[in-house]
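Below are the chains, spelled out letter by letter.
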Amino acid sequence: MTRVRVTAPRSAARPAMEPREPAEESAVGQVFVRSLIRSQLRLALVVAGGFLLILGAFPLLLAAIPGLAETRVAGIPLDWLLLGAGIYPVTGISAWLYVRSAARNEARYRDLAGDR
């Protein structure tokens with residue numbers, strides 16, 4: 001039995017450096033890239049801060065509702081059930097808002113840089 005090696009045809013040599021975006025090569029392009037990085041960082045901090053604020057306030061809000069600890073669903077106190085499962089929609093909404101806003105920031109960058 002003979003072994004056959006299947007390979008793709010050789011292509012031109014690959015460049016040693018990673019190609020840069022045309023907008024990054026000029027001074028104005030570098031300003032655009034720094035602006036994109038700052039806006040993405042600001043967005044991440046705002047979303048993370050809002051999420052942590054809601055996460056910290058959630059138990060306090062549940063504790064403020066009288067009679068919630070005595071209410072049981074399937075033998076589990078309702079406040080514990082809300083603490084355990086109620087935070088997942090908040091996580092999902094935070095992630096969805098972040099992804100949507102980050103894509104909007106990148107689209108604005110592409111419009112400014114002219115990389116359509």
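Computed from a predicted structure; not experimentally measured.

Calculation notes
- Residues numbered from 1 in each chain as written.
- Predicted model: local features only at pLDDT ≥ 70, side-chain atom pairs only at ≥ 80, totals over all residues.
- Heavy atoms only, no water.
- Patch = residues over 30% accessible without salt bridge, like charges linked within 9 Å, V, L, I, M, F, W, Y side chains within 5 Å.
- Areas by Shrake-Rupley, 256 points an atom, 1.4 Å probe, with all protein chains shown as cover.
- Salt bridge = Lys/Arg side-chain N within 4 Å of Asp/Glu carboxyl O.
- Helix = DSSP H or I, 4+ residues; strand = E, 2+ residues; numbered from the N terminus.
- Buried < 20%, exposed > 50% of the residue type's maximum accessible area, 1.4 Å probe, protein only.
- pLDDT = per-residue confidence, 0-100.
- Polar contact = N/O pair within 3.5 Å; in protein donor to acceptor, adjacent residues only side chain to side chain.
- Contact = heavy atoms within 4.5 Å.
- Axes fitted to C-alpha atoms, helices over the stretch in contact; angles between N-to-C directions.
- Parallel < 35°, antiparallel > 145°, perpendicular 65-115°, else oblique.
- Nonpolar A, V, L, I, M, F, W, Y, C, P; charged D, E, K, R; others polar.

1. Some details on a nonpolar patch on the surface
Turning to step 1, where the next piece is worked out: On the surface, a nonpolar cluster with roughly 440 Å² of combined accessible area is contributed by V73, I76, W80, L81 and L83.
Turning to step 2, where the next piece is worked out: With three residues, the single largest contributor to the nonpolar patch is helix 2 (residues 78-85).
Turning to step 3, where the next piece is worked out: Within the element layout of this structure, V73 appears in strand 1 (residues 72-73).
Turning to step 4, where the next piece is worked out: Residue V73 is classed as partly exposed on the basis of its relative accessible area of 37%.

2. Observations regarding the confidence of the model for the protein
Turning to step 1, where the next piece is worked out: Per-residue confidence for the protein gives a mean pLDDT of 82; residues scoring 70 or more make up 86%.
Turning to step 2, where the next piece is worked out: Ranking the elements of the protein by mean pLDDT puts helix 2 last, at 82, and helix 3 (residues 87-113) first, at 90.

3. Quick notes on the side chain of N105
Turning to step 1, where the next piece is worked out: Here N105 is to be found in helix 3.
Turning to step 2, where the next piece is worked out: A polar side-chain atom of N105 sits 2.9 Å from a polar atom in the side chain of Q40.
Turning to step 3, where the next piece is worked out: Ignoring sequence-local partners within four residues, the contact set of N105 consists of L36, S39, Q40 and L43.

4. Quick word on the packing of helix 2 against helix 3
Turning to step 1, where the next piece is worked out: Their axes nearest at 5 Å, the elements helix 2 and helix 3 cross at an angle of 25°. Judged on the interaxial angle alone, helix 3 and helix 2 are roughly parallel. Touching L82, L83, G84 and A85 of helix 2 are I87, Y88 and P89, all from helix 3.
Turning to step 2, where the next piece is worked out: Looking at the contact of helix 2 with helix 3 residue by residue, the classes come out as six nonpolar, one polar and no charged.

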